[in-house]
Amino acid sequence: MMGYGPQAGMSGLLKEGTKQLSGVEEAVLRNIDACKQLKTILCTSIGPNGMNKMVKSYMGKLFVTSDAATIVRELEIVHPAAKLLVKASESQEQECGDATALVIVLAGELLEKAEDLLRLGLHTSDIIQGYEKAGLEACRMLPNLVSYELGDMKNVSEVSHALTSCIASKMHGLEDVIAP
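**Student:** Just checking my understanding: could you explain the overall build of the chain for this structure?
**Tutor:** Broken down by element type, the chain carries 8 helices and 2 strands. In sequence order, the secondary structure elements of the chain are arranged as α-α-β-β-α-α-α-α-α-α. A total of 180 residues make up the chain; the buried ones form 22% of that total. Summarising the internal contacts of the chain: among those between residues at least 6 apart in sequence, 40% fall at separations of at least 24. Split by element, the accessible area of the chain, about 13,400 Å² in all, is 60% carbon and sulfur.

Here it is, written out as structure tokens:
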């Protein structure tokens, strides 16, 4: 007859100290994973060296673009957590007209760090409180990080100076032509 230790179930099979995830923890980790996958898709399309993506829409139309809003709009995302990120990026697009990739990539990175904390044993509510404190601290620090402040909106040279970096991020090399 085989010997059977005092530990029963899954904990008897695993090494001591191993944590088995089930229920809510498993669902949270699966949600984080879905958001990380969406972030991974968009990460390589950001910046001046961003690569184009070839996306085939549900209508069969082929798109070649590095625009995150177009990529996200044409992907058929079904996972609820990833859909929330898509909605957040669409809100960003409607409000500001840009930075849709930033929303998804930043959220994906924050969720990736939260996953590490969850695996260390922190509770979800503790992680949320930490992120809320970090957000308040960031808002407190932002006014001190202003690099250029526009004095007169009607002064063409001041507005041109303020727009140069924005234009350079989209039309590298043409910033002096568009905002002389």
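**Student:** I keep staring at the packing of helix α2 (residues 24–43) against helix α5 (residues 100–120) and nothing clicks. Help me out?
**Tutor:** Relative placement of two packed helices is described by the angle separating their axes and the distance separating the axes. For the pair α2 and α5, the least separation of the axes is 8 Å and the interaxial angle reads 145 degrees. Crossing geometry of α2 relative to α5 is assigned as left-handed. Each of Val28, Leu29, Ile32, Cys35, Lys36, Leu38, Lys39, Leu42 and Cys43 in α2 lies in contact with α5, whose residues at this interface are Ile104, Val105, Gly108, Glu109, Leu111, Glu112, Glu115, Leu118 and Arg119. Across the contact of α2 with α5, the residue classes tally to 11 nonpolar, 1 polar and 6 charged.

**Student:** In this structure, what is going on with the pairing of strand β2 (residues 62–65)? I would like to understand it.
**Tutor:** Two faces belong to every sheet, and in a regular strand the side chains alternate between them. The side-chain alternation of β2 yields one buried face, formed by Phe63 and Thr65, and one unburied face, formed by Leu62 and Val64. Looking at chain direction, strand β1 (residues 53–56) and β2 are connected through 4 bridges and run antiparallel. Residue pairing across strands places Met54 opposite Val64, the latter belonging to β2. Adjacent in sequence and paired antiparallel, β1 and β2 are bridged by 5 residues, among which Gly60 carries a positive phi angle near 90 degrees.

**Student:** I'm lost on the environment of Arg73 in this one. Help?
**Tutor:** If you trace the backbone, Arg73 turns up in helix α3 (residues 68–74). You can call Arg73 exposed: its relative accessible area is 53%. A sequence separation of 13 residues divides Arg73 from Val86, and the C-alpha atoms of the two residues are 8.1 Å apart.

Thresholds applied
Residues numbered from 1 in each chain as written. Predicted model: local features only at pLDDT ≥ 70, side-chain atom pairs only at ≥ 80, totals over all residues. Heavy atoms only, no water. Helix = DSSP H or I, 4+ residues; strand = E, 2+ residues; numbered from the N terminus. Buried < 20%, exposed > 50% of the residue type's maximum accessible area, 1.4 Å probe, protein only. Contact = heavy atoms within 4.5 Å. Areas by Shrake-Rupley, 256 points an atom, 1.4 Å probe, with all protein chains shown as cover. Axes fitted to C-alpha atoms, helices over the stretch in contact; angles between N-to-C directions. Left-handed = near helix turned anticlockwise from the far one by under 90°. Nonpolar A, V, L, I, M, F, W, Y, C, P; charged D, E, K, R; others polar. Pairing = 2+ DSSP bridges.

Geometric values such as these leave the question of function open.
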